[in-house]
Amino acid sequence: MNQTAKNIGAMLEQVRANVPLIHNITNYVTVNDVANAVLAIGASPIMADDIGEAGDISAISSALVINMGTLNERTIASMIAAGKRANECGVPVVFDPVGAGASALRNDTALKIVSEVKLAVLRGNLSEISFIAGLDVATKGVDSAAADEKNDAVAVAKSVADSLGCTVAITGAIDTISDGKQTVQLRNGHPQLSKVTGTGCMTSALVGSFAGAANGDFFTAAAGGVLSMGLAGEIAYEKAGSIGTGSFHIAIIDALSNLDAKTIGERAKLDEK
Amino acid sequence: MNQTAKNIGAMLEQVRANVPLIHNITNYVTVNDVANAVLAIGASPIMADDIGEAGDISAISSALVINMGTLNERTIASMIAAGKRANECGVPVVFDPVGAGASALRNDTALKIVSEVKLAVLRGNLSEISFIAGLDVATKGVDSAAADEKNDAVAVAKSVADSLGCTVAITGAIDTISDGKQTVQLRNGHPQLSKVTGTGCMTSALVGSFAGAANGDFFTAAAGGVLSMGLAGEIAYEKAGSIGTGSFHIAIIDALSNLDAKTIGERAKLDEK
Amino acid sequence: MNQTAKNIGAMLEQVRANVPLIHNITNYVTVNDVANAVLAIGASPIMADDIGEAGDISAISSALVINMGTLNERTIASMIAAGKRANECGVPVVFDPVGAGASALRNDTALKIVSEVKLAVLRGNLSEISFIAGLDVATKGVDSAAADEKNDAVAVAKSVADSLGCTVAITGAIDTISDGKQTVQLRNGHPQLSKVTGTGCMTSALVGSFAGAANGDFFTAAAGGVLSMGLAGEIAYEKAGSIGTGSFHIAIIDALSNLDAKTIGERAKLDEK
């Protein structure tokens, strides 16, 4: 078995043993799935986005996940405040810049967060991460624009990892994770994952769940969260993919709740780059 | 096959081919189902309700769906701003006046939106549309009041279509769609649809999904969105209705994801009036 | 059959016959499940949290459920305003102090609500209710802290019921309901309920649904809501527990929609204390 897959399996067992509290400031579209994915992988979710408590909740959590899917003026302030407090307390921060590139508000917010908050992991699709890298992008709403596939995910991931000093996970047909030194690509997953809203948001929250039990190894945490969703998508497709996207959606959560180190070892398709 | 059913089938194929971006300013109760319904029918959802980006997102979208289910002062301003920007850009606007008649805030907001934003389609239950028509209504919360069934849906739909210059869809046991010139009634659907929250919201978003590929034919778009939910309800009931309302809910999304022109041709119960 | 179980069965039939309108000011994480649970048990949900209509909606409802899961400055004001209006109109108020003990904002809000709004039922886990009782607690996020199991639920429930003059429901492995005079413990439910987000929120909304048809008997309403979720959890586990937490989640709603007085009579494990 690949060493990264082995490390991910061991970290999953830590998540299930420690049940880390994961603070999510996230969008209202996919928040229920995010909470259930966090529970399914073995962690404990808490959602709190008022400026009056965001920092306090981050301070008692094992990881903070900031997702700007339905950002607004009120929650942007809370994201920044919670991120800064997490930094002060040594709580790892995962950032999902949903739709970066799609509006001035999203662009400004994404850049503000990466400049004011020290990240452990940045996770997005190639359009979003390319925007943060300062590359030319053609975002179409919140889904990755096919046109951007021209950007080389490995190069983009390495470059952003270096400039931000964090692990970067770029998800797509092939997923790329890099901390600048180590880089891995994952070939798990299923195209039907793009027909269910929130699989990206859930992935970021799974990365946060692993980060909450990572003991500083955020490269493995990022790979673990991304791989968990990839495997869940594959397994869900086998069980329910042909029934329809509603049943497939439910089967994703089922698969996450049943995921274990053995399955990871047997099914992970990881290439060290 | 009925000509309207044929047109709807062809438009569904356009939705699946074009994958139009559908901007939804909607309520937080049913937003996940709305996004998944839009994906299931073949379009791409984006939710954005901050005044700082609502107009920008509408401008890059193929349709805007405004749903006032959990309206608040902040989002009402965004609804109006996005609606006006959509009008400027020629992006069709679908409006779902959830609970119009139930509170002064809802009444004022519904009337403000229909007076300030030019609609392509107005979709609601008979209570809600009757309120907009200025008729006497007895709304009970956000569900259609049985008492209002006395109002004649065909007459109400035609009258409001004429006064607002848009297509009006009144959904209920029988659905009525009119643009003032053409009127059709649909007899698909299932009573159990009223036991799952959000079937009305999903219907409006499906209308928006069709409108995003309608090339100006909003009568067909409205009928297409309403018929899609009716057929999905029927098929879902056949598959899972007897299991319980949770399974029925999931089966609705399954059926939407499997819907095609052939099924529409075979099952649509449409009467031109 | 136990008299409380008999009373609950009869009240469930009243809920299904009357279809009471239940106003929920609740969190955006679990709101869809809350609405579907209310529909499944036979009542009609409405969500409205703007200060401009919260009181008006409470005034036309049969019960108000306040859940502070994702409270913010805007919605806290609406909770208080709606609660006061409900009190004026004789509409019963159910309060779920989600996460009380976890942040200063939650603590202040919980205490403000219990001091300014007269409750019919207070429902929470032992950590949350112990906080309101002024006891020493160790809340971990929004889930009950195991450490707090040292507090005696029966004593805490009775004491808070006496001091607030309402029915108190403390849910956990064993559920305790007391109005200060009568106390009952329920031994239904399943541990897997803690792996799905929102089972507590749904329980509070079910209590609200029963309260909307309770004719003043809020002890039975509280026991009915709690028992409904316990039985739904048991039945859902039998049907789908081994598949995964996604399928189990859906099966909970299925079971609620099928629940009847006969099942309650056969399965309820109630001990009068």
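Note that this is a predicted model, so its numbers are computed, not measured.

Residues and elements named next belong to chain A. Assignment of secondary structure puts Thr 183 in strand 8 (residues 183–186). Judged by its relative accessible area of 3%, Thr 183 falls in the buried class. Sequence separation of Thr 183 and Ser 228 is 45 residues, and the distance between their C-alpha atoms is 17 Å. Residues within four places of Thr 183 in sequence aside, it is in contact with Val 154, Lys 158, Thr 176, Ile 177, Ser 178, Phe 219, Asp 271, Glu 272 and Lys 273. For Thr 183, the side chain forms a polar contact with the side chain of Ser 178, separated by 2.9 Å.

The interface is formed by 29 residues belonging to chain C together with 30 residues belonging to chain A. Roughly 2,200 Å² of surface becomes buried between chain C and chain A when both sides are summed, with 51% attributable to carbon and sulfur atoms. Viewed at the interface, chain A and chain C are joined by 1 salt bridge. Inspection of the chain C/chain A interface yields 13 residue pairs in polar contact (both at pLDDT 80 or more).

Our next topic: the packing of helix 10 (residues 245–258) of chain B against helix 10 (residues 245–258) of chain C. Close contact between helix 10 of chain B and helix 10 of chain C brings their axes to 6 Å; oriented N to C, the two are set at 125°. Between helix 10 of chain B and helix 10 of chain C, the angle falls in the class oblique. Residue-level inspection shows Thr 245, Gly 246, Ser 247 and Ile 250 of chain B of helix 10 of chain B in contact with helix 10 of chain C, the latter providing Ile 250, Ile 253, Asp 254 and Ser 257 of chain C. Split by residue class, the contact of helix 10 of chain B with helix 10 of chain C holds 3 nonpolar, 4 polar and 1 charged.

Our focus in this paragraph is the interface of chain B and chain A. At the interface, 30 residues of chain B touch 29 residues of chain A. Of the roughly 2,200 Å² buried between chain B and chain A on both sides combined, carbon and sulfur atoms contribute 52%. Across the contact surface, chain B and chain A share 1 salt bridge. Linking Arg 106 of chain A and Glu 53 of chain B is a salt bridge whose minimum nitrogen-to-oxygen distance equals 2.8 Å. Linking chain B to chain A there are 13 residue pairs in polar contact (both at pLDDT 80 or more).

Take the sheet that holds strand 6 (residues 167–171) of chain B next. All names here are of chain B. With mixed pairing, 9 strands are arranged side by side in an open sheet as 2-1-3-4-5-6-7-8-9. Because the sheet does not close on itself, it has two edges, and the strands there are strand 2 (44–47) and strand 9 (270–272). Strand-to-strand twist of the sheet, defined as the mean angle between neighbouring strand axes without regard to direction, takes the value 20°. Helix 2 (residues 31–41) rests against strand 1 (21–25) and strand 2 of the sheet, and its axis sits at about 150° to strand 2. Here helix 8 (residues 199–211) sits on the sheet and contacts strand 1, strand 3 (63–67), strand 4 (93–96), strand 5 (121–125) and strand 6; the angle it forms with strand 4, its principal contact strand, is near 170°.

Once that is clear, we can look at the environment of Ser 163 of chain B. Structurally, Ser 163 of chain B can be placed in helix 7 (residues 153–164). For the pair formed by Ser 163 of chain B and Gly 180 of chain B, sequence separation is 17 residues and the distance between their alpha carbons is 9.0 Å.

Mapping chain C onto chain A leaves a residual RMSD of 0.0 Å; the transformation is a rotation of 120° accompanied by 0.0 Å of translation along its axis. Taken together, the rotation and translation describe the operation of a three-fold axis. Taking C-alpha positions as reference, the residue of chain C nearest the rotation axis is Tyr 28 of chain C, located at 3.6 Å. Residue by residue, only 7% of the interface of chain C is reproduced at the interface of chain A, so the copies engage with different surfaces.

Scoring rules and cut-offs
- Residues numbered from 1 in each chain as written.
- Chains lettered and ligands numbered in written order.
- Predicted model: local features only at pLDDT ≥ 70, side-chain atom pairs only at ≥ 80, totals over all residues.
- Heavy atoms only, no water.
- Helix = DSSP H or I, 4+ residues; strand = E, 2+ residues; numbered from the N terminus.
- Buried < 20%, exposed > 50% of the residue type's maximum accessible area, 1.4 Å probe, protein only.
- Contact = heavy atoms within 4.5 Å.
- Polar contact = N/O pair within 3.5 Å; in protein donor to acceptor, adjacent residues only side chain to side chain.
- Buried area = accessible area lost by both parts, 1.4 Å probe.
- Salt bridge = Lys/Arg side-chain N within 4 Å of Asp/Glu carboxyl O.
- Axes fitted to C-alpha atoms, helices over the stretch in contact; angles between N-to-C directions.
- Parallel < 35°, antiparallel > 145°, perpendicular 65-115°, else oblique.
- Nonpolar A, V, L, I, M, F, W, Y, C, P; charged D, E, K, R; others polar.
- Pairing = 2+ DSSP bridges.
- Least-squares fit on C-alpha atoms with pLDDT ≥ 70 in both.

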